[in-house]
Amino acid sequence: MRKCAKLLAKNHYCISFIESATCGYLAYRFGLTPQSGKILVGGLVCYDLKVKKNVLGVPHKLVKKHSPESLAVTEALARRAPKLFACDIYVACTGLLKRGGSETKDKPVGTFFYSILYQNKIYNQRCYCTGTHQEKLDKVLKKICKTLIKLIKKH
């Protein structure tokens with residue numbers, strides 16, 4: 001996490017988050033870093049489906065076809081983030097932190113999706129995290145940070 005924040009600051013990049021299952025945790029953690037004033041623009045929690053549809057404009061057909069917790073919907077969230085925030089990197093995250101979502105045998109609780117919009121390209125990931133709620137949140141944060149570091153170093 002610290003390494004990621006330092007790399008963002010070093011490259012003069014700012015970041016924003018569109019979060020569902022993580023409920024603002026990603027933005028919160030970035031906000032705790034010493035670099036937060038330089039790198040964090042903001043975030044939006046779209047836990048309720050109405051926020052995804054009404055605020056972010058995610059089409060009902062897309063949600064119905066793929067579910068609110070899916071890579072397709074997560075990518076749509078990331079692609080809509082520039083309408084809300086002006087920054088260099090946009091991260092969207094959905095998933096199943098606990099029971100009661102769109103879980104299936106192929107998409108169990110602990111499945112997360114994240115999409116990163118960086119330099120006009122989208123990078124989609126799916127991951128599975130185990131443990132307590134807190135452990136799952138920390139694991140998905142770590143995975144997102146690793147992906148961000150890899151993307152920034154690549155470019």
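Attention here is on the structure that accompanies the text. In this text the structure is predicted, and so the values were computed from the model without any measurement.

1. As for the nonpolar core
- In this structure, Leu-8, Phe-30, Ile-89, Ile-116 and Leu-148 are the most contacted members of the largest nonpolar core, which totals 34 residues.
- Of all the elements in the fold, those that place two or more residues in this core are helix H1 (2-10), strand E1 (15-19), helix H2 (25-31), strand E3 (89-95), strand E4 (111-118), strand E5 (121-128) and helix H7 (133-154).
- For this core, the element with the most residues is H7, which contributes nine residues.
- Residues within four places of Ile-116 in sequence aside, it is in contact with Ile-89, Tyr-90, Val-91, Lys-121, Ile-122, Tyr-123, Ile-144, Thr-147, Leu-148 and Leu-151.
- Core analysis: the next-biggest nonpolar cluster, separate from the first, contains 16 residues, Cys-46, Val-63, Leu-77 and Cys-87 among them.

2. Points about the sheet that holds strand E2 (residues 40-45)
- Here five strands make up an open sheet; going across it, the order is E2-E1-E3-E4-E5 and the pairing mixed. Edge positions in the sheet fall to E2 and E5, since each has one partner strand and no second. The average undirected angle you get between the axes of adjacent strands in this sheet is 15°.
- Where E3 lies against E4, seven bridges are found, and the strand directions are antiparallel. Opposite Val-91, over in E4, you have Ile-116 as the bridge partner.
- The strands touched by H7 are E1, E3, E4 and E5; relative to E4, the strand with the most contacts, the crossing angle is about 30°.

Thresholds, definitions, all that
- Residues numbered from 1 in each chain as written.
- Predicted model: local features only at pLDDT ≥ 70, side-chain atom pairs only at ≥ 80, totals over all residues.
- Heavy atoms only, no water.
- Core = buried A, V, L, I, M, F, W, Y, C linked by side-chain atoms within 4.5 Å.
- Buried < 20%, exposed > 50% of the residue type's maximum accessible area, 1.4 Å probe, protein only.
- Helix = DSSP H or I, 4+ residues; strand = E, 2+ residues; numbered from the N terminus.
- Contact = heavy atoms within 4.5 Å.
- Pairing = 2+ DSSP bridges.
- Axes fitted to C-alpha atoms, helices over the stretch in contact; angles between N-to-C directions.

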